Amino acid sequence: MDKTLLIIDGMNLIRRLYAALEAEQDAVRRVERTQSIAIDALSKLAHQFEPDYAVVVFDSNGKTWRHEVYPEYKLGRVPMDDALLEALDDFARVFRFNRFPCLRMEGWEADDLIATLAVKASQHKVTSYIVSTDKGFTQLLGDECILQYDYFAKLGYNKAWVPGKYGVQAEQLMDYWALVGDTTNRIPGVKGIGPKTALSIIADAPTIEDIYANLSHFPERIQKLLAGGYEQCLLSRSLVSLKTDVSLGFSLSKLKYQPKSEV
C-alpha cells in the first residue's frame, strides 16, 4: 500500500478559521475558539486521509528571500491581528500535543517548505496531500504524487484539474503568472496582458525565454505590450515559483503520524 504524507498549511488554516469568528469581540476568547476549531479540523483531516506521515507548516517571522529580491512583495496585505500573532507558538504546542509535528524554519515561507516536503516525498514514492486554499501550490500538481485539498470547500485538486481552471498545464503556470501577475502577493505581470491574452501567447511560445526569443512573430499589439518586459517577467516567474530544494535537515521518518490512541 502506498505511503501518504498530510501537509497542512498552518497559517492558511488558522487565519481562515480566525476570520470566520470575527463576531467574537473578546480577543482572547476568539483565539481560544480558533485553536479549538483548528484542532478539530486536524482530527478530521487525519481521519479522512489516514496518513502515514503528517506535518503542520508555519511561516517564519520576518522577511524571506522574496522580500530581499523584491521589497514590494506582499506589500499592503492586511497584517495579522496581534492577538493571533502572539498565540502562534501556543497553536504549535497544542498541535504537537495532539501528535501533529510542526515545522517552521527561519527565513523561509511555509510555501517553500511545503513544496520541498511534497517533492522530496514524491521522490520516495510517497503521495502528499497539501491542505491549503493557496493557488500557488497548483504548480506542483504536474507530479501525480502531489495533490491539493481545500478543507473549507471540501474539494480536491490534481493534475487533470489544472488545464480546466487555468488553460495551461501545471508546469506552465509559473510562466503564465509571470505574464498576468499575482495580485494576492503584489507580484506584477505585464501591463495590459490578462488571462486570455496570456493563454494566446503561451500557446505559441510556452516559456518566457521562448516568448522573447520569438517576439517578432507576435502581432504588433502584443509586441508593444511585451516590449522591455523581459527582466520583469523573469523576476516575477522567480517570485511565483516555489522552492523545492530547501535543506530541511531531517528525514521523512521524523514526521510519522501516531494518533494519541496508538501511543
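Structure's up top.
Report follows, based on the coordinates. (Residues numbered from 1 in each chain as written. Predicted model: local features only at pLDDT ≥ 70, side-chain atom pairs only at ≥ 80, totals over all residues. Heavy atoms only, no water.)

**Quick look at the pattern of salt bridges**
What counts here: Here a salt bridge means any side-chain nitrogen of Lys or Arg lying within 4 Å of a carboxyl oxygen belonging to Asp or Glu. Secondary structure elements follow DSSP: runs of H or I of four or more residues count as helices, runs of E of two or more count as strands, with numbering from the N terminus.
For the structure on display, the rule yields 13 salt bridges. When the shortest N-O distance is used, the salt bridge between Arg30 and Asp81 registers 3.8 Å. You can see Arg30 sitting in helix H2 (residues 27–49) and its partner Asp81 sitting in the loop between helix H3 (65–69) and helix H4 (82–86), a full 51 residues away along the chain. We note a salt bridge from Asp182 to Lys135, for which the minimum N-O separation is 3.8 Å. With Asp182 in the loop between helix H8 (173–180) and helix H9 (195–204) and Lys135 in the loop between strand S4 (127–131) and strand S5 (146–150), the pair connects residues that are 47 residues apart, well separated along the chain.

**A closer look at the environment of Thr184**
What counts, and what does not: Working definition: with a 1.4 Å probe on protein chains only, accessible area under 20% of the residue-type maximum means buried, over 50% means exposed, and in between means partly exposed.
Here Thr184 lies in the loop between H8 and H9. For Thr184, a relative accessible area of 51% gives the class exposed. Spatially, the C-alpha atom of Thr184 lies 9.7 Å from that of Leu75, the residues being 109 residues apart in sequence.

**Quick look at the pairing of S4**
Let me state the cut-off plainly: By definition, two strands form a pair when at least two bridges between them are found by DSSP.
With four of its five residues buried, S4 lies for the most part within the structure. For strand S1 (residues 4–9) and S4, the ladder comprises five bridges, and the chain directions are parallel. Bridging across to S4, Ile7 finds its partner in Ile130. Bridge count between S4 and S5: four bridges; the pairing is parallel.

**Quick look at the nonpolar core**
This is how it is decided: Residues belong to one nonpolar core when they are buried, are Ala, Val, Leu, Ile, Met, Phe, Trp, Tyr or Cys, and are joined through side-chain atoms within 4.5 Å. Contacts are assigned to residue pairs with any non-hydrogen atoms lying within 4.5 Å of each other.
Counting 56 residues, the largest nonpolar core has Leu5, Ile7, Leu117, Leu179, Ile211 and Leu226 as its most contacted members. The leading source of residues in this core is helix H6 (residues 110–123), at eight residues. Dropping the residues within four chain positions of it, Leu5 is found in contact with Tyr53, Ala54, Val55, Leu117, Ala121, Val126, Thr127, Ser128, Tyr129, Leu252 and Leu255. The next biggest cluster of nonpolar side chains, apart from the first, holds 29 residues, and it includes Ala54, Phe100, Cys102 and Tyr257.

**Comments concerning the pairing of S5**
For S5, the tally of buried residues reaches four of five residues, placing the bulk of the element in the interior. Inspection of the sheet shows S5 paired to strand S6 (residues 155–157) by three bridges, in the antiparallel sense. Bridging from a neighbouring strand, Asp150 pairs with Leu155 of S6. Where S5 folds back onto S6 in an antiparallel hairpin, the turn is made up of four residues, including Lys154, whose phi is positive at roughly 55 degrees.

**Quick notes on the packing of aromatic side chains**
So the rule is basically this: Pairing of aromatic rings covers Phe, Tyr and Trp, the last counted by its six-membered ring, and requires centre-to-centre distances within 6.5 Å; plane angles under 30 degrees mean stacked, over 60 mean edge-to-face, and any other angle means tilted. A positively charged side chain is recorded as over a ring if its NZ (Lys) or CZ (Arg) lies within 6 Å of the ring centre. The angle to the ring normal must also be within 35 degrees.
Considering all chains together, one arrives at 11 aromatic pairs under this definition. Each ring, one from Phe49 and one from Tyr149, has its centre 5.3 Å from the other, and the planes form 80 degrees; the classification is edge-to-face. Here Phe49, found in helix H2, pairs with Tyr149, found in strand S5; they are 100 residues apart in sequence, far enough to count as distant. Classification of Phe49 by relative accessible area gives buried; the value is 16%. Assessed through its relative accessible area of 8%, Tyr149 is described here as buried. Between Phe100 and Tyr257, the ring centres sit 5.1 Å apart and the planes meet at 45 degrees, which makes this aromatic pair tilted. Of the two residues, Phe100 sits in the loop between helix H5 (88–97) and strand S3 (102–103) while Tyr257 sits in the segment after helix H12 (230–240), which places them 157 residues apart along the sequence. Judged by relative accessible area, Phe100 falls into the buried class, the value being 3%. The rings of Tyr157, Trp161, Tyr166, Tyr176 and Trp177 are connected pair by pair, giving a single aromatic cluster. Its guanidinium or amino end placed over the ring of Phe152, Arg16 lies 4.4 Å from that ring's centre, counting from NZ or CZ. Taking the ring centre of Tyr18 as reference, the NZ or CZ of Arg30 above it sits at 3.8 Å.

**Overview of empty space enclosed by the protein**
Keep this limit in mind: A cavity here means a set of points on a 1 Å grid, drawn over the protein atoms and nothing else, where a 1.4 Å probe fits but cannot get out; a pocket is an open set with protein on both sides within 12 Å along at least five of seven lines, and a residue lines either one if it has an atom within 4 Å of a point. Grid points are joined across faces, edges and corners, and a volume is the space filled by probe spheres set on the points. Residues are grouped as follows: Ala, Val, Leu, Ile, Met, Phe, Trp, Tyr, Cys and Pro are nonpolar; Asp, Glu, Lys and Arg are charged; all remaining types, including Gly, are polar.
Scanning the model with the defined rule gives one cavity of 30 Å³ or more in all. Looking at the largest cavity, its volume works out to about 30 Å³. In terms of lining, the largest cavity is formed by Ile8, Asp9, Asn12, Leu13, Val131, Ser132, Thr133 and Phe152. Mapped onto the lining of the largest cavity, the elements with two or more residues apiece are S1 and helix H1 (10–19). Here the residues of the lining of the largest cavity sort into four nonpolar, three polar and one charged.

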